[in-house]
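So you can see what is in the structure, the chains are spelled out below.
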Amino acid sequence: MAAVDLTQFHKTFFEESLEGLDAMEAALLALDSGSTDHELVHTIFRAAHSIKGGAATFGFADVAAFTHVAESLLEEVRSERRVVDAALTDLLLRSVDCMRAMLDRTAQGLPAADATSESLRVELAQLVEGEVAAVAVASKPKSAAVAGWDIRFVAM
């Protein structure tokens, strides 16, 4: 059986990803601070999820990695573990712009990641990891440390 050449699907992936980013941006702009509009949040999450999956399928690792972190943050919003505020909306809008630029570079055959995208990916990751660490600390059992050791397991 012959291997399928996935490059024939790249154009469709880029077109659909850009449409997804347009939908994300529109939904983010319509989402009010403190809002729990599940339909808007789901639209934003679904677009990020689709882009991440497509990027991973086609081997666009930097795009997939960036979008995965953004998707993790959106999952916190979707599950109501994080509230929408102006700072979060701004961060996510900057992420949309960044993903557009990454997709553009990828479509041109250039490396997707650059200093700007990496800085923003780290900012997203720190926000997500900070939330995980805060939950882990808050749910830590009230037991005494043994022999001076305090061991914590934090999900990543």
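Residues numbered from 1 in each chain as written. Predicted model: local features only at pLDDT ≥ 70, side-chain atom pairs only at ≥ 80, totals over all residues. Heavy atoms only, no water.

Trainee: Help me out: how do you make sense of the overall build of the protein in this one?
Mentor: Counting secondary structure elements, the protein contains five helices and zero strands. The linear arrangement of helices and strands in the protein, starting from the amino end, is α-α-α-α-α. Considering the protein as a whole, with its 156 residues, one finds that 36% of them fall into the buried category. In the protein, 65% of the contacts between residues at least 6 apart in sequence involve partners at least 24 apart. Only carbon and sulfur atoms are counted for the fraction: they give 59% of the accessible area of the protein, which is about 9300 Å². (Helix = DSSP H or I, 4+ residues; strand = E, 2+ residues; numbered from the N terminus. Buried < 20%, exposed > 50% of the residue type's maximum accessible area, 1.4 Å probe, protein only. Contact = heavy atoms within 4.5 Å. Areas by Shrake-Rupley, 256 points an atom, 1.4 Å probe, with all protein chains shown as cover.)

Trainee: It is not clear to me how the packing of aromatic side chains should be interpreted in this structure. Could you clarify?
Mentor: Note on aromatic pairs: each is described by the distance of the centres and the angle between the planes. One pass over the structure, following the stated rule, counts five aromatic pairs. Plain terms: the ring middles of F13 and F60 are 5.7 Å apart, the flat faces sit at 35° to each other, and that makes the pair tilted. Here the residue F13 occupies a position in helix α1 (residues 10-30), and F60 occupies one in the loop between α2 (38-57) and α3 (61-78), the gap between them amounting to 47 residues. Between F14 and F60, the aromatic rings sit 5.6 Å apart at their centres with planes inclined by 25°, giving stacked as the arrangement. Within this pair, whereas F14 is found in helix α1, its partner F60 is found in the loop between α2 and α3, the two being separated by 46 residues in sequence. Given the relative accessible area of 13%, F14 is considered buried. In textbook terms, an aromatic cluster arises when at least three aromatic residues are bridged by ring pairs, as seen for F13, F14, F58 and F60. (Phe/Tyr/Trp six-rings, centres within 6.5 Å; stacked < 30°, edge-to-face > 60°.)

Trainee: Which parts of the structure should I look at to understand empty space enclosed by the protein?
Mentor: Taking a probe equal in size to a water molecule and rolling it over the atoms shows the remaining empty space. If you walk through the whole model with that rule in mind, you get one cavity of 30 Å³ or more. By volume, the largest cavity amounts to about 40 Å³. Around the largest cavity, the lining residues are L28, L31, V41, I44, L74, V77, V84, L88 and L92. Where the lining of the largest cavity is concerned, the elements lending two or more residues are α2, α3 and α4 (86-107). In the lining of the largest cavity, the residues fall into nine nonpolar, no polar and no charged. (1 Å grid on protein atoms, 1.4 Å probe; cavity = no way out; pocket = protein on both sides within 12 Å on 5 of 7 lines; lining within 4 Å. Points joined across faces, edges and corners; volume = space filled by probe spheres on them. Nonpolar A, V, L, I, M, F, W, Y, C, P; charged D, E, K, R; others polar.)

Trainee: In this structure, what is going on with α3? I would like to understand it.
Mentor: Helical periodicity: at 3.6 residues per turn, an α-helix aligns residues three or four positions apart in one direction. Its 18 residues give α3 an end-to-end C-alpha distance of 25 Å, which sits within 8% of 26 Å, the value for a rise of 1.5 Å per residue. Within α3, burial applies to V63, A64, F66, T67, V69, A70, E71, L73, L74, E76 and V77. Phi turns positive one or two residues past the end of α3, at E80, with a value near 60°. (Expected span 1.5 Å × (residues − 1).)

Trainee: In this structure, what is going on with the nonpolar core? I would like to understand it.
Mentor: Across soluble globular proteins, nonpolar side chains have a tendency to be buried as a group. Ranked by size, the top nonpolar core spans 40 residues in total, and within it M24 and V63 carry the most contacts. At nine residues, the largest contribution of residues to this core is made by α4. Each residue touching V63, except ones within four places of it in the same chain, is listed here: I51, A55, M102, L103, T106 and A112. (Core = buried A, V, L, I, M, F, W, Y, C linked by side-chain atoms within 4.5 Å.)

Trainee: Hey, could you run me through the confidence of the model for the protein in this one?
Mentor: Regions with low pLDDT should not have their predicted coordinates read in detail. Mean pLDDT over the protein works out to 85, with 83% of the residues at or above the 70 mark. Mean pLDDT in the protein bottoms out at helix α5 (residues 115-138), which sits at 78, and peaks at α4, which reaches 96. Below a pLDDT of 50 lies the segment residues 132-148, which in the model reaches seven contacts outside its immediate sequence neighbourhood of four places, other chains included. (pLDDT = per-residue confidence, 0-100.)

Trainee: Before we go on, may I ask you to explain the pattern of salt bridges in this structure?
Mentor: For side chains bearing opposite charge, pairing can occur when the charged atoms are close. Taken as a whole and assessed by the stated rule, the structure comprises 11 salt bridges. Across the pair E15 and K11 runs a salt bridge, and its minimum N-O distance is 3.7 Å. Of this pair, E15 and K11 are both found in helix α1, four residues apart, which corresponds to roughly one turn of the helix. Judged by its relative accessible area of 40%, E15 falls in the partly exposed class. One salt bridge connects R100 with E25, and the closest N-O pair in it is separated by 3.2 Å. In this pair, R100 sits in helix α4 while E25 sits in helix α1, placing the two residues 75 residues apart along the sequence. When its relative accessible area of 21% is taken as the criterion, R100 is described as partly exposed. It is possible to trace a salt-bridge network through shared partners that takes in D22, E25, D97 and R100. (Salt bridge = Lys/Arg side-chain N within 4 Å of Asp/Glu carboxyl O.)

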